[in-house]
Amino acid sequence: MKIAVCIYEGPYNHEASDSAYNFIKAAIDRGHEIQGIFFYHDGVYNVTKLMEPPQDDRHIANRWSALGATGIDIVVCIAAAKRRGIVDDVLVPNVRISGLGQLTMMAIQADRMVVFGD
Amino acid sequence: MKIAVCIYEGPYNHEASDSAYNFIKAAIDRGHEIQGIFFYHDGVYNVTKLMEPPQDDRHIANRWSALGATGIDIVVCIAAAKRRGIVDDVLVPNVRISGLGQLTMMAIQADRMVVFGD
Amino acid sequence: MLHTVNKSPFQNTTLTDCARFIQDGDVLLLLEDGVFAAQVGTTHSALLEALVQRVKVYALQADLKARAITNLVPGIQITDYSGFVALVEEHKIHSWL
Amino acid sequence: MLHTVNKSPFQNTTLTDCARFIQDGDVLLLLEDGVFAAQVGTTHSALLEALVQRVKVYALQADLKARAITNLVPGIQITDYSGFVALVEEHKIHSWL
Amino acid sequence: MAEEIKKIMFTVRKAPHGSIYVYEGLEVKLIMAAYDADISVVFMDDGVFALKQGQDTKELGIKGFAATYGALMDYEIQKVYVDRHSMEVRGMTEADLLVIGEDEETEEPVKPQVIDAQEIAAMMAEQHNILSF
Amino acid sequence: MAEEIKKIMFTVRKAPHGSIYVYEGLEVKLIMAAYDADISVVFMDDGVFALKQGQDTKELGIKGFAATYGALMDYEIQKVYVDRHSMEVRGMTEADLLVIGEDEETEEPVKPQVIDAQEIAAMMAEQHNILSF
């Protein structure tokens, strides 16, 4: 099944990012195709390479980047990102900034779209 | 009267940042001394110079920077900032990163501490 | 004490939670989405009607206008940011986030 | 439909709001702070007791453990992320944020 | 064979102005309306406040969006619904709702359609995907 | 003349783990306890869940903080209160609360003190400043 995931909240501050990550890992384990991951609202903060969490904590941006390295399309909304100061220069690898058209395509093409937020 | 202000939420996403700004402007107009402004939790996102809001919208980071230029001490919590990818390189001018000791001093020394959050 | 509430009473219990701690002589300020509580004729108006009997209640003008709230529970006073600061001058504050 | 609720019922009305739209044959999944609703013996248990009569109700194990919730309203089933995905396979989903 | 047009629903449950969800959610609707999808928007719970006429954010210093909602039909978004119960609880009547466009034939102003939870639940069950804001 | 010691109160009203406020709020308390201030911490509403014993965030993959709460007294934070009504509503009793340290003399485990809203309101009125998390 093709599953798309939408994430509305920033890393660490809300559990949404962790729930989405755990859900996606489980979906992959069950053999599903992740159609795409779309970061919107404060979700755009998830993929800045400038974050430096305590060493004994998870590194949320690197975690998303590793998922992107497996070929999953990870998209950050350009309008939400510009407003919040997330630009190409600060992105972790394997993540791209694009428009809401990408979210639209995911919503239309994915068999399921799962939204994580606050 | 010495007034300190604490801001917990990021720019644009929550009204907290706007409420705090409007409150501080009014406090200055009434002749109060702003002891300091402290950004905590997602509040640290308020002062990134990378933000580029639509031209017909307010530029929240520049607004804080302008307040800092008047001599108000604007502090971003280092622990909260590191976790979220806010570092010296991306700060607007007239804002500094420091520790929670600064918040402590504000809470002790200010006659009033006003918290804006979600 | 000045108590500030910034959440809609229709989806959050903040106002009800805060009301348990409000003492005579305290002041309540509704701001941001908290001003939705100020409207007359809703399922939550009764709570405000009771509160205005006990303490002074204010609602922030800019937030009321943004949300097109024009008919307030009688007794609620409209104030602006300068009035907010004036309340802070008179009272210690607790923000019910 | 699979309905997900991620807010504590003690401070948010999300669960009550969602309940108005739950149809027979639907499924409810409690996750994140939503799992606080699963606990037995609270002022909100009755809502869950009524819901489990009508539809299948699940609570996410990782969230229950994180919050030390061990005594669940009878009828609520515990599931993990894999079980969450299985529910999404079977149902369209609406997240009650 | 042409692919069937997918039904996509937006639910709006958050209050306007205290957070940006309603505003940025509106941006999604406007974009998505340009694609080949069968869009519907349902306002429920505090989301109904987003449709109240007379909102003015000038003194707040933030961008408003009532004008855009007032032109939803120009963006080809025709299916706009409001949950009756949510309005009643909040002391709102149809008279409080803003106009979202005008009827192409009669040129009469059109308001969002007030419907019951049962109808909304039935529509939800028919959707391909639902995005909540 | 030495300046008087200022009373600073922390109120904890948010649920743990769904958001970081309780966790980062704890960091503030630990730092502030090292300064010359009269600190008190009051848990009310969903904040009381932060004091429940047996929390285990391992499967969630996020950092827990119950261990730190269990050593609050080691950080010189002695005045820890819980609102009785908030606990009752949530089906919690004193037995559910985690231990925050041990009595210096008797070496008995110490739990947060369960008190009524009236007492909390009276304490709030005495504070120099109150920080909510």
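Being a predicted model, the structure only gives us computed values, none of them experimental. (Residues numbered from 1 in each chain as written. Chains lettered and ligands numbered in written order. Predicted model: local features only at pLDDT ≥ 70, side-chain atom pairs only at ≥ 80, totals over all residues. Heavy atoms only, no water.)

> Whenever I open this one, the overall build of chain C confuses me. Can you help?
The secondary structure content of chain C amounts to four helices and five strands. The secondary structure elements of chain C, listed N-terminal to C-terminal, are β-α-β-α-β-α-β-α-β. Whereas a compact globule of 97 residues would reach a radius of gyration of roughly 13 Å, chain C reaches 12 Å, a difference of no more than 12%. The C-alpha extent of chain C, read off along each of the three principal axes, is 30 × 25 × 25 Å. Taken across its 97 residues, chain C has 70% of its residues classed as buried. For chain C, restricting intrachain contacts to residue pairs at least 6 apart in sequence, the fraction spanning at least 24 positions comes to 72%. When the accessible surface of chain C is split by element, carbon and sulfur atoms take 49% of a total near 3,000 Å². Distance between charge centroids for chain C: 2 Å, based on 7 positive and 10 negative side chains. (Helix = DSSP H or I, 4+ residues; strand = E, 2+ residues; numbered from the N terminus. Rg over C-alpha atoms; globule rule 2.2 N^0.38 Å. Buried < 20%, exposed > 50% of the residue type's maximum accessible area, 1.4 Å probe, protein only. Contact = heavy atoms within 4.5 Å. Areas by Shrake-Rupley, 256 points an atom, 1.4 Å probe, with all protein chains shown as cover. Lys, Arg positive; Asp, Glu negative; His and termini not counted. Charge placed at Lys NZ, Arg CZ, Asp CG, Glu CD.)

> Honestly, helix α4 (residues 100-109) of chain B in this entry has me stumped. Any pointers?
Side chains of residues three or four places apart in an α-helix project in the same direction, reflecting 3.6 residues per turn. For α4(B), a buried count of seven out of ten residues is recorded, marking the element as mostly surrounded by other parts of the structure. B:L100, B:G101, B:L103, B:T104, B:M106, B:A107 and B:I108 are the residues of α4(B) that are buried.

> Explanation requested: the interface of chain A and chain E in the structure shown.
A common way to report how large an interface is uses the accessible area buried once the components associate. With 22 residues of chain A at the contact, the number on the chain E side is 21 residues. Taken together, the links from chain A to chain E amount to three salt bridges. For A:R84, the salt bridge is made with E:E24, and the minimal N-O distance between the two is 2.9 Å. Listing elements by their share of the side of chain A that touches chain E, those giving two or more residues are α3 (78-84), α4 (100-109) and β5 (112-116) of chain A. Among the elements that take part in the side of chain A that touches chain E, α4(A) stands out by supplying seven residues, more than any other. By residue class, the composition of the side of chain A that touches chain E is 13 nonpolar, three polar and six charged. (Salt bridge = Lys/Arg side-chain N within 4 Å of Asp/Glu carboxyl O. Nonpolar A, V, L, I, M, F, W, Y, C, P; charged D, E, K, R; others polar.)

> Teacher, can you tell me more about the environment of D:K56 here?
All names here are of chain D. Structurally, K56 can be placed in strand β3 (residues 56-60). K56 sits in the partly exposed class, given a relative accessible area of 48%. Sequence separation between K56 and L28 is 28 residues, and the spatial gap between their C-alpha atoms is 6.3 Å. If sequence neighbours within four positions are ignored, K56 has contacts with D26, V27, L28 and Q77.

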